[in-house]
Amino acid sequence: MVDSELPIYGLDIPEVWRSWTWSHRYPGFKELRKYFDHVANVLDLRKDCRFNMRVTNAHWSDTDKNWKVTAGPEGNQTTVTAQHVIFCLVRSRKKTSSKETRTDIILVRVLPRN
């Protein structure tokens, strides 16, 4: 269970909320994960995402007026150029039987140049 009611997690995008029904007022991890998968499917977000990649460099060029972001495993990195980049840090805690572990997830949204 989470400590916030479901409106905190819901997007006000009609094509997303019209096709989703929450089963609990305070959803648990599994339902939140299903919701985020639903959002990604409805909005076709996966085509713009790269998973399991660590950002190793993000550099703003005043000359070119854009970002160059490098990510990926050592020896197989990819560099993309974008006008806008949104960096987010998410902290989640998952309790196990006797100990607590913390997972830090960094999400980077690169918006392509028009």
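What counts and what doesn't
Residues numbered from 1 in each chain as written. Predicted model: local features only at pLDDT ≥ 70, side-chain atom pairs only at ≥ 80, totals over all residues. Heavy atoms only, no water. pLDDT = per-residue confidence, 0-100. Helix = DSSP H or I, 4+ residues; strand = E, 2+ residues; numbered from the N terminus. Contact = heavy atoms within 4.5 Å. Pairing = 2+ DSSP bridges. Axes fitted to C-alpha atoms, helices over the stretch in contact; angles between N-to-C directions. Salt bridge = Lys/Arg side-chain N within 4 Å of Asp/Glu carboxyl O. Buried < 20%, exposed > 50% of the residue type's maximum accessible area, 1.4 Å probe, protein only. Phe/Tyr/Trp six-rings, centres within 6.5 Å; stacked < 30°, edge-to-face > 60°.

A. Structural context of the confidence of the model for the protein. Summary statistics for the protein give a mean pLDDT of 76 and a share of 67% for residues scoring 70 or more. Within the protein, the element-level pLDDT minimum falls on strand 5 (residues 100–111), averaging 51, and the maximum on helix 1 (residues 14–17), averaging 90. For residues 102–107, every residue scores under 50 in pLDDT, and the model assigns this stretch 18 contacts once sequence neighbours within four places are set aside.

B. Summary view of the sheet that holds strand 3 (residues 78–82). As summarised here, the arrangement of the 3 strands in space is 1-2-3, forming an open sheet in which the pairing is antiparallel. A single partner strand is all that each edge strand has here, and the edge strands are strand 1 (55–61) and strand 3. The average undirected angle you get between the axes of adjacent strands in this sheet is 15°.

C. Quick look at the pairing of strand 1. Bridge analysis of strand 1 against strand 2 (residues 66–71) gives 6 bridges, and the strand direction is antiparallel. Looking across to strand 2, one finds that H59 is bridged to K68. Between strand 1 and the antiparallel strand that follows it, strand 2, lie 4 residues; K65 among them carries a positive phi value of about 55°.

D. Fine view of the pattern of salt bridges. Within the structure shown, the criterion is met by 2 salt bridges. A salt bridge links R33 to D37; its shortest N-O distance comes to 3.9 Å. Note that R33 and D37 are positioned in helix 2 (residues 29–42) at a spacing of 4 residues, about one turn of the helix. Where D37 meets R46, a salt bridge forms, and the shortest distance between an N and an O atom there is 2.9 Å. You can call R46 partly exposed: its relative accessible area is 34%. It is possible to trace a salt-bridge network through shared partners that takes in R33, D37 and R46.

E. Expanded view of the packing of aromatic side chains. Scanning the entire structure with this criterion turns up 5 aromatic pairs. Ring geometry for W20 against W22: centres 5.7 Å apart, planes inclined by 80°, an arrangement best described as edge-to-face. Geometrically, the ring pair formed by W22 and Y35 is tilted, given 4.7 Å between the ring centres and 35° between the ring planes. Separated by 13 residues along the polypeptide, W22 in the loop between helix 1 and helix 2 and Y35 in helix 2 bring together distant segments of the chain. The pair formed by W22 and Y35 is uniform in burial state, with each residue classed as buried. Taken together, the ring pairs connect W20, W22, Y35 and F36 into an aromatic cluster.

F. Structural detail: the pairing of strand 3. Relative to strand 3, strand 2 runs antiparallel, the two sharing 5 bridges. Residue pairing across strands places W67 opposite A82, the latter belonging to strand 3. The hairpin turn running from strand 2 into strand 3, its antiparallel successor, is 6 residues long, and G72 in that turn takes a positive phi close to 120°.

G. Looking closely at unusual backbone geometry. Even without being glycine, D44 reaches a positive phi, approximately 55°. Secondary-structure assignment places D44 in the loop between helix 2 and strand 1. Among the residues examined, D44 registers a relative accessible area of 43% and is labelled partly exposed. At K65, a position not held by glycine, the phi torsion is positive, near 55°. In this structure, K65 sits in the loop between strand 1 and strand 2.

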